[in-house]
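Structure at a glance
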Amino acid sequence: MAEQAETARTGLVQRALSVPGVHSLASSVWGYVDSSVRWCWIPGWMPSWCPTSQDQLQTAEDMMLRCIDDTFLKQHVPISTSSRLWTLTFSSDSVKHRTPMVLLHGFGGGVGLWAQNLEALSQNRPVLALDLLGFGQSSRPQFSANAREVEEQFVESIEQWRAKVGLETMILLGHNLGGYLAASYSIKYPGRVKHVLLVEPWGFPERPDTVEADHSIPVWIKALGAMFSPFNPLAGLRLVGPLGPTLVQTLRPDFKRKFSSMFSDNTVSNYIYHLNVQTPSGETAFKNMTVPYGWAKRPMLERMDQLQPDVPITVVYGSRSSVDSNSGSSIKTLRPNSHVEIITIRGAGHYVYADQPQDFNSRVLEVCDKVD
């Protein structure tokens, strides 16, 4: 029943624009909102509608990382097209000879969210975490509107970054959107990847077939669905301006609990706020990769047969996550002659690395111990 209800709602959004007058209403409202939000980003307007800046994002990230005792390097790594990827590097002399692990965060995330994992994962090998292009402290360029081209932009930025930092091969671990991009990168550059870890990956299954919606749904509800469909996923956070930090604390109190062993204040919600109210470059790119309700336009399961069979895969899920874990089983079916392992972390939700960090770190280290 739940799946039918969700697909019905998807159908409502898709057909809403066909209701007389709705298309023009949605276009007018979106045009006004878009121009208003763009106005807020024009440099020089003081005070800014959203209480944020690059300096504040940097400070928020520093606060996230303040509990890390190990020495690490922070830098912007230049890639082509005048873009740079913000990178944290953990590497001691005793582990430099081992294959590095590269961490790719999910949608709306950044390197600071790995705060409970970086030290543990870097005990046996170098670990590098980067802000994906368009997110965090990395450059925020304009992406293509075409889903295939957006994906290529992301993948090529990772490859250019790899070459720039001088990694011959790597273990690639991606969460959410990072998992999707880790798989896409591994398909295109299999010789660079020793092992792929997909942590609660987004974008693997196809969107379920839609069902006929209830024609008794009021037109005003259809109008609202059509009106909000053009928005970027996090546009509302920017629209509320000064109320944004309070909104994050109110709607996502779980993030404070996830990092309660490190912080007792609003360090995490403050970081998440500043991550997601900057110019929505990666956010817009992600929207261009999706169909209504967040399904991928180019589902990754359709292409898993293109991945070289000698590239091992580990899929990690949280036992309490709402993400469909059937993709892991599907990958295993699609790759019968390859190594595919599925790990479930008990008591963890979608942010498995933060919900149960010790268990997550231990299981990842166990998987990677097989790699030189």
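Computed from a predicted model, the values in this text were never measured in an experiment. (Residues numbered from 1 in each chain as written. Predicted model: local features only at pLDDT ≥ 70, side-chain atom pairs only at ≥ 80, totals over all residues. Heavy atoms only, no water.)

Brief notes about the overall build of the protein chain
Counting its secondary structure elements, the protein chain contains 15 helices and ten strands. In the protein chain, which comprises 372 residues, the proportion classed as buried is 51%. Long-range contacts, defined here as pairs at least 24 residues apart, represent 77% of the contacts in the protein chain between residues at least 6 apart. (Helix = DSSP H or I, 4+ residues; strand = E, 2+ residues; numbered from the N terminus. Buried < 20%, exposed > 50% of the residue type's maximum accessible area, 1.4 Å probe, protein only. Contact = heavy atoms within 4.5 Å.)

With respect to unusual backbone geometry
We note that Asn 176 has phi near 60°; this positive angle belongs to a residue other than glycine. On the secondary structure map, Asn 176 appears in the loop between β5 (170–175) and α6 (177–188). By relative accessible area, Asn 176 is classed as buried at 13%. The backbone phi angle of Glu 200 is positive, close to 45°, even though this residue is not glycine. Checked against the element boundaries, Glu 200 lands in the loop between β6 (193–199) and α7 (219–228). The buried category is assigned to Glu 200, whose relative accessible area is 0%.

Notes on the nonpolar core
Within the largest apolar cluster, 48 residues are counted, with the highest numbers of intra-cluster contacts made by Met 101, Leu 103, Leu 118, Leu 173 and Phe 259. Apart from the residues within four sequence positions on either side, Leu 173 is in contact with Met 101, Val 102, Leu 103, Leu 104, Trp 114, Leu 197, Val 199, Phe 360 and Val 364. By size, the runner-up hydrophobic cluster in this structure holds 47 residues, among which are Ile 79, Phe 154, Tyr 180 and Ile 331. (Core = buried A, V, L, I, M, F, W, Y, C linked by side-chain atoms within 4.5 Å.)

Brief notes about the sheet that holds strand β9 (residues 313–318)
Taken in spatial order, the eight strands of this open sheet run β1-β2-β4-β3-β5-β6-β9-β10, and their pairing is mixed. Strands with a single pairing partner mark the edges of an open sheet, and in this sheet they are β1 (73–78) and β10 (340–345). Across this sheet, the average inter-strand angle for adjacent strands is 20°, counted without regard to direction. Bridging between β6 and β9 involves four bridges; their strand directions are parallel. In the sheet register, Leu 198 faces β9, and the bridge partner there is Val 315. Packing against the sheet, α6 makes contact with β3 (101–104), β5 and β6, and its axis sits at approximately 145° to β5. (Pairing = 2+ DSSP bridges. Axes fitted to C-alpha atoms, helices over the stretch in contact; angles between N-to-C directions.)

Looking at empty space enclosed by the protein
Inspection of the entire model under this criterion finds two cavities of 30 Å³ or more. Taken together, 14 residues line the largest cavity, and the ones lying closest to its centre are Gly 134, Phe 135, Arg 140, Leu 275 and Asn 276. Counting only elements with at least two residues in the lining of the largest cavity, the list comes to α11 (267–276) and α12 (281–288). For the lining of the largest cavity, the leading source of residues is α12, giving three residues. (1 Å grid on protein atoms, 1.4 Å probe; cavity = no way out; pocket = protein on both sides within 12 Å on 5 of 7 lines; lining within 4 Å. Points joined across faces, edges and corners; volume = space filled by probe spheres on them.)

Details of the packing of aromatic side chains
Within a pair of aromatic rings, the relevant descriptors are the distance that separates the centres and the angle that separates the planes. All told, the structure shown has eleven aromatic pairs when counted by the stated rule. Here the aromatic rings of Tyr 185 and Tyr 189 are separated by 5.1 Å at their centres, their planes lie at 35°, and the arrangement is tilted. Classification of Tyr 185 by relative accessible area gives buried; the value is 0%. Through a chain of ring-to-ring contacts, the aromatic side chains of Phe 107, Phe 135, Tyr 180, Trp 202 and Phe 286 assemble into a single cluster. The cationic tip of Lys 258 hangs over the ring face of Phe 255; the distance from NZ or CZ to the ring centre is 5.8 Å. (Phe/Tyr/Trp six-rings, centres within 6.5 Å; stacked < 30°, edge-to-face > 60°. Lys NZ or Arg CZ within 6 Å of the ring centre and 35° of its normal.)

Considering the pairing of β10
Of the pairings in the sheet, the one linking β9 to β10 comprises six bridges and is parallel in character. Across the sheet, the residue bridging to Tyr 317 is Thr 344, located in β10. One crossover worth recording links β9 to the parallel β10 by way of helix α13 (residues 326–334), and it is right-handed. (Right-handed = clockwise from strand over helix to strand, strands pointing away.)

Comments concerning α13
When α13 is considered as a whole, its buried residues turn out to be Ser 327, Gly 328 and Ile 331. Down the axis of α13, the buried side of the element spans an arc of 105°, and every buried residue falls inside it. Close packing links the buried residues of α13 with β6, β9 and β10. (Arc of directions from axis to C-beta.)

Regarding the pattern of salt bridges
Summed over all chains, the structure comprises twelve salt bridges. When the shortest N-O distance is used, the salt bridge between Glu 159 and Arg 162 registers 2.8 Å. Note that Glu 159 and Arg 162 are positioned in helix α5 (residues 147–165) at a spacing of three residues, about one turn of the helix. Here Arg 162 falls in the buried class, since its relative accessible area comes to 6%. (Salt bridge = Lys/Arg side-chain N within 4 Å of Asp/Glu carboxyl O.)

Considerations on the confidence of the model for the protein chain
Of the residues in the protein chain, 81% reach a pLDDT of 70 or more, and the chain-wide mean stands at 86. Taken together, the stretch residues 224–228 has pLDDT below 50 and engages in eight contacts with residues farther than four places along the chain or on a different chain. (pLDDT = per-residue confidence, 0-100.)

Some remarks on the packing of helix α3 (residues 54–64) against α11
At a minimum axis separation of 9 Å, α3 and α11 run at an interaxial angle of 145°. For α3 against α11, the interelement crossing comes out left-handed. The residues of α11 that touch α3, namely those facing Gln 56, Leu 57, Ala 60, Glu 61, Met 63 and Met 64, are Thr 267, Val 268, Asn 270, Tyr 271, His 274 and Leu 275. Residue composition of the contact of α3 with α11, grouped by class: seven nonpolar, four polar and one charged. (Left-handed = near helix turned anticlockwise from the far one by under 90°. Nonpolar A, V, L, I, M, F, W, Y, C, P; charged D, E, K, R; others polar.)

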